[in-house]
Amino acid sequence: MIDRLAADMSVEQRLIGRIAGTNWSIGANRHWPAEWFVDLDHKALHHWAWQYKLRPMTAMALRAAGWPDVDASQRAAYEEAERLCIVRAIEQLRLLREISRRAAQQGLDLIVLKGVCLSVQLYGDPLIREAHDLDLLVDPQSADRLDRLLRDLGCEAPAIPAHLTERQRSVRARFTHEEKFVHPASGITIERHHKLSANTAIVEADFASLWQRRGTVAMGDFTVSTLGGADLPYYLGVHAARHGWERWKWAADLAMLLGRADAAQIEALRATARRMGTTSLVHSWILLIEAIAAGMPAALVEEAGKDRHGVRLADMALAISTARQSRETIQAAGNALRPTLYRLLLKRRPRYVAIELGRLFYREKDWRDWNMPDVMIPFLFVRRPVAYLFRKIGNAARASNGRGEA
């Protein structure tokens with residue numbers, strides 16, 4: 001069944017999967033068989049390394065293998081992409097250090113998600129995992145304090161429209177989970193999260209509980225808090241699934257976490273999935289990671305393979321993630337039919353589906369552009385589907401008239 005899932009991968013994608021499944025911990029022994037690098041299209045490989053956000057790992061793998069059949073211009077492209085990722089990671093480290101220092105001075109509790117923190121946590125190396133943003137989770141009651149801290153550092157963010165009423169702000173907060181800031185001096189984007197997901201029916205929403213179970217990561221001369229226990233792999237899997245597994249670096253992260261997890265940690269993850277009603281979703285991650293990167297514990301793969309809905313989700317995720325994307329199509333992919341259907345199927349419970357359907361018709365731009373009384377709030381969620389239907393009806397009518405005239 002795993003072979004069937006992976007059957008449509010290209011030679012380059014299979015190599016990227018092997019790179020994702022490699023132990024990238026500092027000091028680990030890594031082996032690069034020559035047959036992995038035969039008949040590669042390096043233009044395609046460079047693209048997949050970009051799409052899956054595995055450029056530093058790909059460059060290091062090719063270097064360790066002796067740059068097989070890589071000409072000078074191709075090597076320069078791989079190394080330049082690697083260099084840019086490393087420079088960005090260094091800038092993130094500097095900024096995260098200053099944010100952490102100021103937050104500690106103010107007694108502000110922060111949980112760092114993903115990014116350079118996860119790179120250190122999983123691999124012991126802040127530069128090996130490609131990361132673009134700093135993601136910070138804060139108690140919703142403390143969000144304004146963190147926003148002020150970020151602005152004091154020179155960060156910029158679009159202002160929440162002043163015309164929004166208290167109820168409108170509450171509805172908006174229900175359908176969003178972050179505010180984006182940009183640090184102009186470094187170009188780093190900071191995502192300030194007030195919950196882990198826009199759909200709280202699929203992942204823990206109580207900051208106090210997450211904080212109580214938190215872990216810590218030493219980042220050189222400073223320490224940050226991060227998700228602990230089963231919260232970390234569960235969140236990483238939910239986050240990846242809700243983005244259609246567009247980046248295989250998430251498969252690398254979970255392969256590292258689950259591959260070295262002991263029985264107690266696996267059971268804690270199972271318990272979290274049962275509590276959240278997402279056992280099939282977790283099974284789909286296991287199958288997907290085995291198809292991409294291999295190395296999952298055999299007992300977990302066997303268990304997951306018996307879950308028909310888990311197999312279906314894994315099949316859909318692999319079909320979505322193996323499609324070639326550009327910057328433009330990735331940005332538009334969130335509204336495409338297949339990713340939308342996949343997100344709706346992640347959890348087959350009414351509350352989750354209802355929130356997800358509401359999010360389909362939520363647009364931040366509407367809330368910024370429209371100044372209306374609270375009684376008109378439902379209009380913001382129906383105007384787009386209604387407009388879509390009118391366009392379709394109008395197009396069909398024009399096409400019908402055209403055939404009649406012909």
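The structure displayed is predicted, hence computed values, not measured ones.

**Structural notes on the layout of surface pockets**
Turning to step 1, where the next piece is worked out: When its volume is computed, the second largest pocket comes out at roughly 520 Å³.
Turning to step 2, where the next piece is worked out: Contributing to the lining of the second largest pocket are 20 residues, with Ala143, Asp144, Ile160, Arg169 and Arg192 lying nearest its centre.
Turning to step 3, where the next piece is worked out: Looking at the lining of the second largest pocket residue by residue, the classes come out as seven nonpolar, four polar and nine charged.

**Some remarks on the side chain of Thr176**
Turning to step 1, where the next piece is worked out: For Thr176, the location among the structural elements is in the loop between helix H8 (166-175) and strand S3 (178-183).
Turning to step 2, where the next piece is worked out: Thr176 has contacts with His194, Lys195, Tyr362 and Glu364, leaving out every residue within four places of it along the chain.

**A short note on the packing of aromatic side chains**
Turning to step 1, where the next piece is worked out: Within this structure, the stated rule accounts for seven aromatic pairs.
Turning to step 2, where the next piece is worked out: Ring geometry for Trp48 and Tyr52: centres 5.3 Å apart, planes at 20°, overall stacked. Taken as a pair, Trp48 and Tyr52 share a single burial class, namely buried.
Turning to step 3, where the next piece is worked out: Ring pairs connect the aromatic residues Trp24, Trp32 and Trp36, which therefore count as one cluster.
Turning to step 4, where the next piece is worked out: If you follow Arg214 out to its NZ or CZ, it ends over the ring of Trp211, 4.0 Å from the centre.
Turning to step 5, where the next piece is worked out: The ring of Trp48 has Arg324 lying over it, and the distance from NZ or CZ to the ring centre is 6.0 Å.

**Observations concerning empty space enclosed by the protein**
Turning to step 1, where the next piece is worked out: Within this structure, the stated rule accounts for four cavities of 30 Å³ or more.
Turning to step 2, where the next piece is worked out: Estimated volume of the largest cavity: approximately 60 Å³.
Turning to step 3, where the next piece is worked out: For the largest cavity, the full set of lining residues is Leu196, Val203, Glu204, Leu210, Asp231, Tyr234, Tyr235, Thr272, Arg275 and Met276.
Turning to step 4, where the next piece is worked out: Residue assignment for the lining of the largest cavity shows that the elements contributing at least two residues are helix H10 (231-242) and helix H12 (263-276).
Turning to step 5, where the next piece is worked out: Here the residues of the lining of the largest cavity sort into six nonpolar, one polar and three charged.

**Examining the side chain of Lys53**
Turning to step 1, where the next piece is worked out: The topology assignment puts Lys53 in the loop between helix H3 (42-51) and helix H4 (55-64).
Turning to step 2, where the next piece is worked out: In this structure, Lys53 is buried with no salt-bridge partner, the nearest side chain bearing the opposite charge being Glu130 at 5.0 Å.
Turning to step 3, where the next piece is worked out: Here Trp50 takes part through its backbone oxygen, which lies 2.7 Å from a polar atom of the side chain of Lys53.
Turning to step 4, where the next piece is worked out: Setting aside anything within four residues of it in sequence, one finds Lys53 in contact with Glu130, His132, Arg247 and Lys249.

Rules used throughout
- Residues numbered from 1 in each chain as written.
- Predicted model: local features only at pLDDT ≥ 70, side-chain atom pairs only at ≥ 80, totals over all residues.
- Heavy atoms only, no water.
- 1 Å grid on protein atoms, 1.4 Å probe; cavity = no way out; pocket = protein on both sides within 12 Å on 5 of 7 lines; lining within 4 Å.
- Points joined across faces, edges and corners; volume = space filled by probe spheres on them.
- Nonpolar A, V, L, I, M, F, W, Y, C, P; charged D, E, K, R; others polar.
- Helix = DSSP H or I, 4+ residues; strand = E, 2+ residues; numbered from the N terminus.
- Contact = heavy atoms within 4.5 Å.
- Phe/Tyr/Trp six-rings, centres within 6.5 Å; stacked < 30°, edge-to-face > 60°.
- Buried < 20%, exposed > 50% of the residue type's maximum accessible area, 1.4 Å probe, protein only.
- Lys NZ or Arg CZ within 6 Å of the ring centre and 35° of its normal.
- Lys, Arg positive; Asp, Glu negative; His and termini not counted.
- Salt bridge = Lys/Arg side-chain N within 4 Å of Asp/Glu carboxyl O.
- Polar contact = N/O pair within 3.5 Å; in protein donor to acceptor, adjacent residues only side chain to side chain.

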